[in-house]
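# Close look at the chain arrangement
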Amino acid sequence: MTAETPSSAHQRIPLHIGIIMDGNGRWAAQKGRSRHAGHRAGVENIQPIIRAAADMGIKYLSLYAFSTENWRRPSLEVQGLMLLLGEFLDREVDTLIKENVRIQHLGSLDGIAPQLAEKIRYSVARTAHCDRITLCVAFNYSGRQDIVNAVKSIINSGVSAEGVTEQLVSAHLSSQGVPDLDLIIRTSGEWRLSNFMIWEAAYSEYWPTQVYWPDFTPQLLQQAIDDYGKRDRRYGGIGSKA
Ligand code: IPE
Ligand code: IPE
Ligand code: MG
């Protein structure tokens, strides 16, 4: 076996992981508890996974917390989810700063109650100097709407059609400054993107697991990263094993 160079070792670790945190409702149902209890358990699992990801050397972690389609849910459930995000930010931002975690918001603040929108803006501003890991929180997020907004903002900036490039579109998404996704984990056994970072996912590797989000563990995160390291990312070419 040949010794691994630092650069090849680095390639085995994804730079950017996205997690579609699904299955809170089914986790609660199997325990005879309310959906809200499931969401609460889901939120409690966020901090340990951020910490584990940072310890494993992940530089960008994107979490899908609330899609624009989730507004279709009963209003009590939606209100509960809004409340939980507010509580999470109130409770955890000081710890995130201590742990050097920068927060970036993905999606739109339109339609979110002013008090919660302010908490999100404030958390982003307070953690702006942190640089151990960037935590992108996709909240009130739609991948398609994010692309539409990018197109609008490019047009408003006066760029000519010839000036539009993939890099320019990326720079106008709410994930601006964040590299494309290397690996997407989805919990709860569903195999779909549900409008999550569809532009940034163009060449992502997928890792679905049956486990519901509240039961997702750092060990499973490690397993996903280990499996990622064995994938041959060909990008349309013939790959390194050819
Ligand atoms: C994920 O859990 C959390 C959000 C989508 C906000 P779900 O609430 O979708 O849980 P299931 O899919 O109903 O089990
Ligand atoms: C995706 O989960 C959104 C989040 C995890 C926030 P959903 O539960 O909303 O997705 P679908 O409806 O099953 O596709
Ligand atoms: Mg779901």
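The structure this text deals with has already been given above.
Residues numbered from 1 in each chain as written. Chains lettered and ligands numbered in written order. Predicted model: local features only at pLDDT ≥ 70, side-chain atom pairs only at ≥ 80, totals over all residues. Heavy atoms only, no water.

## Remarks on the pattern of salt bridges
The tally for this structure, following the rule as stated, stands at 18 salt bridges. The shortest N-O distance in the salt bridge between Arg26 and Glu190 comes to 2.9 Å. Remark: Glu190 occurs in the loop between strand E5 (183-186) and strand E6 (205-208) and Arg26 occurs in helix H2 (residues 24-30); sequence separation between them is 164 residues. You can call Arg26 partly exposed: its relative accessible area is 32%. The partner of Lys119 in a salt bridge is Asp90, and the shortest N-O contact between them spans 3.0 Å. Within this pair, whereas Lys119 is found in helix H6 (residues 114-126), its partner Asp90 is found in helix H5 (residues 75-98), the two being separated by 29 residues in sequence. On the accessibility criterion, Asp90 (52% relative accessible area) is exposed. Sharing partners across several salt bridges, the network here consists of Asp22, Arg26, Arg186, Glu190 and Arg192. (Salt bridge = Lys/Arg side-chain N within 4 Å of Asp/Glu carboxyl O. Helix = DSSP H or I, 4+ residues; strand = E, 2+ residues; numbered from the N terminus. Buried < 20%, exposed > 50% of the residue type's maximum accessible area, 1.4 Å probe, protein only.)

## Here we look at the nonpolar core
In this structure, Ile17, Ile19, Leu61, Phe139, Ile185, Phe216 and Leu221 are the most contacted members of the largest nonpolar core, which totals 44 residues. Looking at this core element by element, the count peaks at 9 residues for H5. In this structure, Tyr64, Leu181, Ile184 and Ala201 belong to the second largest nonpolar core, which totals 13 residues. (Core = buried A, V, L, I, M, F, W, Y, C linked by side-chain atoms within 4.5 Å.)

## Overview of the site of ligand 1
Close contacts around ligand 1 come from Met21, Asp22, Gly23, Asn24, Gly25, Arg26, Arg35, His39, Ala65, Asn70, Arg73 and Leu81, and that covers them all. Take Gly23: an N or O atom from its main chain is 3.3 Å from an oxygen atom of ligand 1. Arg73 has a polar side-chain atom sitting 2.7 Å from an oxygen atom of ligand 1. In the complex, 86% of the free accessible area of ligand 1, which totals 370 Å², lies under the protein chains. Contributing elements (two or more residues each) for the shell around ligand 1: H2 and helix H3 (35-44). The element best represented in the shell around ligand 1 is H2, accounting for 3 residues. Here the shell around ligand 1 is built from residues that sort into 3 nonpolar, 5 polar and 4 charged. (Near = heavy atom within 4 Å. Polar contact = N/O pair within 3.5 Å; in protein donor to acceptor, adjacent residues only side chain to side chain. Areas by Shrake-Rupley, 256 points an atom, 1.4 Å probe, with all protein chains shown as cover. Nonpolar A, V, L, I, M, F, W, Y, C, P; charged D, E, K, R; others polar.)

## Brief notes about the environment of Ser153
Along the polypeptide, Ser153 turns up in helix H7 (residues 143-156). Put simply, Ser153 and Glu205 are 52 residues apart on the chain and 29 Å apart in space, counted from C-alpha to C-alpha.

## Structural notes on the site of ligand 2
Surveying the vicinity of ligand 2 reveals the residues Ile20, Met21, Asp22, Tyr64, Ala65, Phe66, Asn70, Arg73, Arg186, Arg192 and Ser194. Here an oxygen atom of ligand 2 sits 3.2 Å away from a polar atom, N or O, in the side chain of Asp22. Contact distances for ligand 2 include 3.2 Å between an oxygen atom and a side-chain N or O atom of Arg186. Sort the elements by how many residues they give to the shell around ligand 2 and strand E2 (residues 60-67) lands first, with 3 residues. The residue makeup of the shell around ligand 2, split by class, is 5 nonpolar, 2 polar and 4 charged.

## Focus: the packing of H5 against H6
Relative orientation of the contacting elements H5 and H6 amounts to 20 degrees, with a least axis distance of 10 Å. By the angle between their directions, the pair H5 and H6 is classed as roughly parallel. Like other packed secondary-structure pairs, H5 and H6 cross with a definite hand, here left-handed. Listed contacts from H6 to Met82, Leu85, Gly86, Leu89, Asp90, Val93, Asp94 and Ile97 of H5 are Leu116, Lys119, Ile120, Ser123 and Arg126. (Axes fitted to C-alpha atoms, helices over the stretch in contact; angles between N-to-C directions. Parallel < 35°, antiparallel > 145°, perpendicular 65-115°, else oblique. Left-handed = near helix turned anticlockwise from the far one by under 90°. Contact = heavy atoms within 4.5 Å.)

## Section: the sheet that holds strand E1 (residues 16-20)
Taken together, 6 strands build an open sheet; the order of strands is E3-E4-E2-E1-E5-E6 and the sheet is parallel. Of all strands in the sheet, those with a lone pairing partner are strand E3 (101-106) and E6, marking the two edges. Here the average twist between neighbouring strands, direction ignored, is 20 degrees. Looking at chain direction, E5 and E6 are connected through 4 bridges and run parallel. Considered in E6, the bridge of Arg186 is made with Pro208. (Pairing = 2+ DSSP bridges.)

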